[in-house]
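Residue-level structural notes
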Amino acid sequence: MSDTDQSFSWYDPQSIRQTVQNGKENNIDRERIATYLAEKAFDDVPPSRVKKIIDEMPTASDSARTGPDLSQSPSTDTEPREQLTKQLAVSDLEYLSNREAARLVALALEQFDGNTVRPPGATQVESDVVWHRQHMTVALRVVPIRSGEVGSTHIDALLEGTVVPPDTRSPSELAIVTNRAYTDEATEYAANHDVHLFDAGHVEEWFRRARIPMDAVGTVLEDGENHDGPLTDLVEIPPIPSPRNQTDPFEINRAFDVDTLETGEEQGTGRAERAGPTTQPETKRGETRRDDPLVETESTTGETGTLYANPDEDGDYDAFDDYLDDI
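Procedures and definitions
- Residues numbered from 1 in each chain as written.
- Predicted model: local features only at pLDDT ≥ 70, side-chain atom pairs only at ≥ 80, totals over all residues.
- Heavy atoms only, no water.
- Helix = DSSP H or I, 4+ residues; strand = E, 2+ residues; numbered from the N terminus.
- Expected span 1.5 Å × (residues − 1).
- Buried < 20%, exposed > 50% of the residue type's maximum accessible area, 1.4 Å probe, protein only.
- Core = buried A, V, L, I, M, F, W, Y, C linked by side-chain atoms within 4.5 Å.
- Contact = heavy atoms within 4.5 Å.
- Pairing = 2+ DSSP bridges.
- Axes fitted to C-alpha atoms, helices over the stretch in contact; angles between N-to-C directions.
- Parallel < 35°, antiparallel > 145°, perpendicular 65-115°, else oblique.
- Left-handed = near helix turned anticlockwise from the far one by under 90°.
- Nonpolar A, V, L, I, M, F, W, Y, C, P; charged D, E, K, R; others polar.
- pLDDT = per-residue confidence, 0-100.
- Salt bridge = Lys/Arg side-chain N within 4 Å of Asp/Glu carboxyl O.
- Polar contact = N/O pair within 3.5 Å; in protein donor to acceptor, adjacent residues only side chain to side chain.
- Phe/Tyr/Trp six-rings, centres within 6.5 Å; stacked < 30°, edge-to-face > 60°.
- Lys NZ or Arg CZ within 6 Å of the ring centre and 35° of its normal.

**Thoughts on helix 6 (residues 98-112)**
- The terminal C-alpha atoms of helix 6 lie 21 Å apart, and with 15 residues this matches the ideal 21 Å at 1.5 Å per residue to within 8%.
- With 14 of 15 residues buried, helix 6 is to be regarded as a mostly interior element.
- Downstream of helix 6 by one or two residues, Gly 114 has phi in the positive range, about 70 degrees.

Here you go:
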């Protein structure tokens, strides 16, 4: 049988890739494949270039032998690790109002024991959460801030103001919760008046143990404002592993030392400047809390010749006409 009859049966005129694969499977020399393809398929292309094309052309047999490096043996019985989901952290409280932050703190505390109620927004009381536990009732004032430290006037608010609504059981313990730290004065003042202070390190540890997913956070923020009962009625969260009743959130250690938090001065031209002052605006003694809807900000008197967003505040109703006349 001639060389033409038996030697080029691997050639496929319809597919160069199939030709290369057939040639490799029949142990045809690469140079011979390149020379034949240079005559049949690649006009005016030197055989050396065709050789390089053949070397770079993947075939089915090559694909079967190659693949990405695995971190474990292909025959392992090990189950893949569960995909991590983002969970609530103390840093998420930074841009929330006190009522929004209070709902998330309350949800975390409910994972330990008891249940919570949140005084309605129209109620002029100094607490944001009332935590009913088995042997005590705790009234908590939640103070989320962007930078700086929480001062002692929040302690005065609990000591001198109305703490809970009249129809709520009187608390046996008072506490303040923040996403940052307290001034030395506030720490000493709270200790002398039996007020518990919980800072960012404590709250982070609560959140880490409660493991609240972000979809539950969204539900509580959106639907929790008008919900009177326990927040666990709104979302389903796996309970804290046993023995959860032996873990008192008021006694567990911080997740981190608050001394590691950046103060407003240390943040320089970053977040501190965007947030404004580096200290939390303080309320006066006995004053209602920060974002109480019943507390209205005073409006400034309109100035003549100035247009305001609220027409009732326009000092000069002819200001716009005067403006057109000037044009």
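**Some thoughts on the nonpolar core**
- Of all hydrophobic cores here, the largest spans 38 residues; its most connected members are Leu 93, Leu 140, Val 177, Trp 206 and Ile 212.
- For this core, the elements supplying multiple residues, two or more each, are helix 6, strand 2 (129-132), strand 3 (137-143), strand 5 (173-178), helix 9 (200-210) and helix 10 (214-223).
- For this core, the element with the highest residue contribution is helix 6, accounting for nine residues.
- Dropping the residues within four chain positions of it, Trp 206 is found in contact with Val 105, Leu 109, Phe 112, Val 177, Phe 198, Pro 249, Phe 250 and Ile 252.

**A closer look at the sheet that holds strand 1 (residues 115-117)**
- Within the open sheet, the five strands sit side by side as 1-2-3-5-7. Their pairing is mixed. Single-partner strands in this sheet number two, and they are strand 1 and strand 7 (195-198). Sheet twist, expressed as the average angle between the axes of neighbouring strands with direction ignored, equals 25 degrees.
- Here strand 3 runs beside strand 5; their pairing, made up of six bridges, is parallel.

**Focus: the packing of helix 6 against helix 10**
- The geometry of helix 6 relative to helix 10 is characterised by a closest axis approach of 9 Å and an angle of 130 degrees between their N-to-C directions. The orientation of helix 6 relative to helix 10 falls into the category oblique. Two packed elements cross with a definite hand, and for helix 6 against helix 10 that hand is right-handed. Across the interface between the two elements, Glu 100, Arg 103, Leu 104 and Leu 107 from helix 6 touch Val 217, Val 220 and Leu 221 from helix 10.
- Class assignment of the residues belonging to the contact of helix 6 with helix 10 gives a composition of five nonpolar, no polar and two charged.

**Things to note about the packing of helix 7 (residues 153-160) against helix 8 (residues 184-192)**
- Following both chains from N to C, one finds helix 7 and helix 8 inclined at 25 degrees, their axes separated by 9 Å at the closest point. Comparing the axis directions of helix 7 and helix 8 gives the class roughly parallel. Facing Ile 155, Asp 156 and Leu 159 of helix 7, the residues of helix 8 in contact are Ala 186, Tyr 189 and Ala 190.
- Its residues placed into classes, the contact of helix 7 with helix 8 shows five nonpolar, no polar and one charged.

**Concerning the confidence of the model for the chain**
- Summing up the model confidence of the chain, the mean pLDDT is 76 and the portion of residues at 70 or higher is 67%.
- Note on residues 1-6: pLDDT is under 50 here. Beyond four places in sequence and across chains, it has three contacts.
- In the predicted structure, residues 292-302 sits below a pLDDT of 50 and forms 13 contacts with residues beyond four places in sequence or in another chain.

**Details of the pattern of salt bridges**
- Enumeration according to the criterion identifies nine salt bridges in this entry.
- The partner of Glu 225 in a salt bridge is Arg 99, and the shortest N-O contact between them spans 2.9 Å. Residue Glu 225 is found in the loop between helix 10 and helix 11 (271-275), and its partner Arg 99 is found in helix 6; the two are separated by 126 residues along the sequence.
- In this structure Glu 225 comes out as partly exposed when scored by relative accessible area, which is 35%.
- In this structure, Glu 205 and Arg 209 form a salt bridge, with 2.7 Å as the shortest nitrogen-oxygen distance. In this pair, Glu 205 and Arg 209 are both assigned in helix 9, four residues apart and thus about one turn of the helix distant.
- Taken together, the salt bridges that share partners define one network made up of Arg 99, Arg 103 and Glu 225.

**Comments concerning the side chain of Arg 141**
- By secondary structure assignment, the location of Arg 141 is in strand 3.
- Given the relative accessible area of 0%, Arg 141 is considered buried.
- Of the polar contacts made by the side chain of Arg 141, one reaches the side chain of Glu 126; its length is 2.8 Å.

**Some words on the packing of aromatic side chains**
- Applying the stated rule across the entire model yields four aromatic pairs.
- Judged by centre distance (5.3 Å) and plane angle (55 degrees), the rings of Phe 198 and Trp 206 are tilted. We note that Phe 198, like Trp 206, is buried.
- Taken together through their ring pairs, the aromatic side chains of Trp 131, Phe 198, Trp 206 and Phe 250 make up a single cluster.
- A cation over a ring is seen here: Arg 133 above Phe 250, with NZ or CZ 5.6 Å from the ring centre.

**Overview of the environment of Ala 101**
- Structurally, Ala 101 is set in helix 6.
- Residue Ala 101 is classed as buried on the basis of its relative accessible area, which comes to 0%.
- With near-sequence residues (within four places) excluded, Ala 101 lies in contact with Leu 93, Leu 96, Val 142 and Pro 144.

**Let's talk about the pairing of strand 2**
- Of the two faces of strand 2, the one holding Val 129 and Trp 131 and the one holding Val 130 and His 132 are both buried throughout.
- Bridge count between strand 1 and strand 2: three bridges; the pairing is antiparallel. Across the sheet, residue Asn 115 finds its bridge partner in strand 2, namely His 132.
- Examined bridge by bridge, strand 2 and strand 3 share four bridges and lie antiparallel to one another. Bridged to His 132 within strand 3 is Thr 137.
- In sequence, strand 2 turns back onto strand 3 through a hairpin of four residues.

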